[in-house]
Amino acid sequence: MRSHQIKKLKAEDFYKCSNIWEMEKNPKMTDRFYDELVNGNRVTFICLENDEFVGEG
C-alpha cells in the first residue's frame, strides 16, 4: 500500500526536488527558487509517496 503525505518544504530538503524537475537544466531558476525559500519569500509544499518527492506546489 502506498503512503502519501503533503509537507511544507524545508530548505535543507530543497535539492530532493530534483526528483520532480530537472534542476541542473535550469540553474538560474534553481538558484532563485532556493534563495526565495531560504529568505521566506517562497512557500512550497511537496507531495511524498513512500518518502519519495513526487510533486510540489
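Note: the structure precedes this text.
Residues numbered from 1 in each chain as written. Predicted model: local features only at pLDDT ≥ 70, side-chain atom pairs only at ≥ 80, totals over all residues. Heavy atoms only, no water.

Undergrad: Explanation requested: the pairing of strand E2 (residues 45-49) in the structure shown.
TA: On a regular strand, each side chain points to the face opposite its neighbour's, so the side chains alternate between the two faces of the sheet. Burial of the side chains of E2 is restricted to one face: Ile46 and Leu48 are buried, whereas none of Phe45, Cys47 and Glu49 on the reverse face is. Two elements, strand E1 (residues 4-8) and E2, share five bridges in a ladder whose sense is antiparallel. Its bridge partner lying in E2, Lys8 is registered against Phe45. Of the strand pairs in this sheet, E2 and strand E3 (residues 52-56) are connected by four bridges, and their pairing is antiparallel. Considered in E3, the bridge of Glu49 is made with Glu52. (Buried < 20%, exposed > 50% of the residue type's maximum accessible area, 1.4 Å probe, protein only. Helix = DSSP H or I, 4+ residues; strand = E, 2+ residues; numbered from the N terminus. Pairing = 2+ DSSP bridges.)

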